[in-house]
Amino acid sequence: MPDAAVIETSGLEKTYDGVPALRGLDIHVPAGSICGLLGRNGAGKTTTLKILLGMARPTGGTARVFGAPADSPQASVEIRRRVGFVSEEKDLYGSMSVDEIIRFTATFFPRWRTDLEERFVRRFELPRDRKVKALSRGTRTKLALLLALCRGAELLLLDEPTSGLDPAMAEDVLRALVGEVADGRTTILFSSHQITEVDQIADRVAVVDRGRAVLSGPLDELKEGFRRVRLVFDGDAPVPAFRSPGVRRVRRDGAVLSLLTSGGADAVLDEARTLHPVSVDVTPLTLKEIFLETTTED
Amino acid sequence: MTLFVRPNPSSGIPIYLQLMQQVKHAVETGALKPGDQLPGIRPLAEELVINSNTIAKVYRELEHEGVVELRQGSGAFVSQNARARRLAETFRAGRSLMVSTVERLRERGVSEDEIRRLFEAAVAGGRRRAGGRNA
């Protein structure tokens, strides 16, 4: 089956009491991918997830999940059957034991995966008899993840899934996510501030800034597009007037001219060579640098 | 399987290229021999904790380059002529590296004789470091 979009938003808008949270968001998440949703606080990530779950209604544009409109009440019921959501609050019934809440949740899902339940209880070392409120934060996250995965969800929407987890637990969570997608039946959209993690497991990325997707697409391609170019001149560097598109952040420091380019480093290099630098250095940017470069302080 | 080292996502080299390089290096050194089976996509994704689509891409690209064969239902296997192909590829890459190095030295005003002396010294130095095995 070709790249069917599990999530597709087009010009998505959401305004709360006159304050625009989303101002025309376009994202596309194909089936079987892991998409990282990056953005500064308040950029619109959580709003996006809420709309996809039918927990908030858009004020403009469209959002489709499994091809159906996320804001249609009937479609929404069907969508939520096929989606697992793990949020930062990780709200679970505190006075239930681990086993009780698993049993409780399972009753709502006829396709409950008992095989996965066994596997994750073991791997996540979940104490079946302990009450949820007595669990550490990390263990509660793992439990929330188990509940999302065992329902046979085809789409996982995760809001900061590893926040507050120590590195070993975070790695366990990432490993579980990667394993589920490997079978080809699951798609994941996760928002995260841990850029290294997104770099590690995502094959697509959407960077949201002030309610819009400033970058969106395959991660490898995005990183291919950004380059740092450093030119050293014999004597003072010339005052640059680059005409190539995508040139950002040009800095002149004595004999050195440095700039960032987003897309089309070749055209920039051609222009750069006409200035006759003594040396030309081209280096890639990390995802963190790309993120900082494309997002702004509110 | 301890064949693969965790790739570095922040290194600037795409993860899939790092893994392809690891496989090719293993083929060159003989750590992987023709007919050897590579790990399954899912187990490898879980071991390295990276995206399985990336691993699938690695195996596809390696098949495209003739380093591995993908057998329906069985997995990825090092192809019979993988080592020969790798060595030919390494030689080609070596040649272009040599050409560009010579070019850069010339640009800096190093004479042809000096370039030859540098090259001889480098080869001899390598020989000494290898304990005179190739002397």
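All of these numbers come straight from a predicted model, not from anything done at the bench.

Undergrad: For the pattern of salt bridges, give the residues involved together with the corresponding values.
TA: All names here are of chain A. Evaluation of the coordinates by the stated rule reveals 31 salt bridges over all chains. The partner of R81 in a salt bridge is E78, with the nearest N and O atoms 3.1 Å apart. Of this pair, R81 and E78 both sit in helix α2 (residues 73-82), three residues apart, roughly one helical turn. Classification of E78 by relative accessible area gives partly exposed; the value is 35%. Of the charged contacts in the structure, one is a salt bridge between R249 and E293, with a shortest N-O distance of 2.5 Å.

Undergrad: Help me get a handle on the nonpolar core, residues and values and all.
TA: All names here are of chain A. Counting 77 residues, the largest nonpolar core has L143 and L146 as the members making the most contacts within it. Counting residues per element, this core draws most heavily on helix α5 (residues 137-150), which supplies eight residues. Viewed by domain, this core spans two of them, domain 1 (5-210) and domain 2 (225-295), each represented by three or more residues. Residues contacting L146, with those up to four places away along its chain left out, are I102, W112, E117, F120, V121 and L126. Judged by nonpolar contacts, the second largest core, of 26 residues, contains L49, I79, V83 and A206.

Undergrad: Explain the sheet that holds strand β6 (residues 83-86) of chain A to me, and be specific about the residues and the numbers.
TA: Residues and elements named next belong to chain A. Taking strand neighbours across the sheet as the criterion, the six strands line up as β6-β7-β8-β3-β9-β10 in an open arrangement whose pairing is mixed. Two strands close off the open sheet at either side, each with one partner strand: β6 and β10 (212-218). Averaged over all neighbouring strand pairs, the angle between strand axes comes to 15°, with direction disregarded. Along the sheet face, α2 touches β6 and β7 (155-159) and points at about 70° away from the line of β6.

Undergrad: I'd like a description of the interface of chain B and chain A, backed by residues and values.
TA: Between chain B and chain A, the residue contacts involve 18 residues of the former and 25 residues of the latter. Buried surface at the junction of chain B and chain A, summed over both partners, amounts to about 1600 Å²; 47% is from carbon and sulfur atoms. Summed over the shared surface of chain B and chain A, the result is five salt bridges. Two residues, E46 of chain B and R123 of chain A, come together in a salt bridge whose shortest N-O distance is 3.9 Å. If you look at where chain B meets chain A, you find 10 residue pairs in polar contact (both at pLDDT 80 or more). At the level of secondary structure, the elements contributing two or more residues to the side of chain B that touches chain A comprise α1 (15-29), α2 (41-48) and α3 (52-64) of chain B. Split by residue class, the side of chain B that touches chain A holds eight nonpolar, five polar and five charged.

Undergrad: Before we move on, could you go through the domain arrangement of chain A and cite the residues and values that matter?
TA: Residue and element names in this part refer to chain A. Domain annotation of chain A identifies domain 1 (5-210) and domain 2 (225-295). Between domain 1 and domain 2, the C-alpha centre-to-centre distance is 39 Å. Across the interface of domain 1 and domain 2, roughly 690 Å² is buried in total on both sides, 74% from carbon and sulfur atoms. When residues of domain 1 are sorted by the area they lose upon contact with domain 2, R40, I195 and V207 head the list and together hold 61% of the total. Connecting domain 1 to domain 2 are zero salt bridges. One can count one residue pair in polar contact (both at pLDDT 80 or more) joining domain 1 with domain 2. Looking at the side of domain 1 that touches domain 2, the elements with two or more residues in it are β3 (34-39), α7 (195-201) and β9 (204-209). Here the side of domain 1 that touches domain 2 is built from residues that sort into five nonpolar, one polar and three charged.

About the thresholds
Sequence order as written defines the numbering, with residues in each chain counted from 1. Chains carry letters and ligands carry numbers; both start at the beginning, A for chains and 1 for ligands, and go up in the order they are written. A pLDDT threshold of at least 70 governs which residues receive local features in this predicted model, and a stricter bar of 80 or more applies before side-chain atom pairs are shown or counted, although totals over entire chains, interfaces and linings include all residues. The side-chain values count all of the structure's non-hydrogen atoms but skip hydrogen atoms and water molecules. Throughout this description, the term salt bridge denotes a Lys or Arg side-chain nitrogen within 4 Å of a carboxyl oxygen of Asp or Glu. Under the scheme used here, helices are H or I runs from DSSP no shorter than 4 residues and strands are E runs no shorter than 2 residues, and both carry numbers assigned from the N terminus. Buried means the residue's accessible area, taken with a 1.4 Å probe over protein chains only, is under 20% of the maximum for its type, while exposed means over 50%, and partly exposed covers the values in between. Residue types Ala, Val, Leu, Ile, Met, Phe, Trp, Tyr and Cys, when buried and joined through side-chain atoms within 4.5 Å, form a set referred to as a nonpolar core. Residue ranges for the domains trace back to a domain assignment, done automatically or taken from a database. What makes two residues a contact is simply this: any of their non-hydrogen atoms within 4.5 Å. Two strands form a pair only when DSSP identifies at least two bridges running between them. Between N-to-C directions, angles span 0 to 180 degrees; the directions come from axes that are lines fitted to C-alpha atoms, helices contributing only their stretch in contact. Note on definitions: buried area is the accessible-area loss of two parts on being combined, 1.4 Å probe, summed for both. Here a polar contact means two N or O atoms within 3.5 Å. Within protein one must be a hydrogen donor candidate and the other an acceptor candidate, and residues neighboring in sequence count only if both atoms are side-chain atoms. Asp, Glu, Lys and Arg are counted as charged, while Ala, Val, Leu, Ile, Met, Phe, Trp, Tyr, Cys and Pro are counted as nonpolar; the rest, among them Gly, fall into the polar class.

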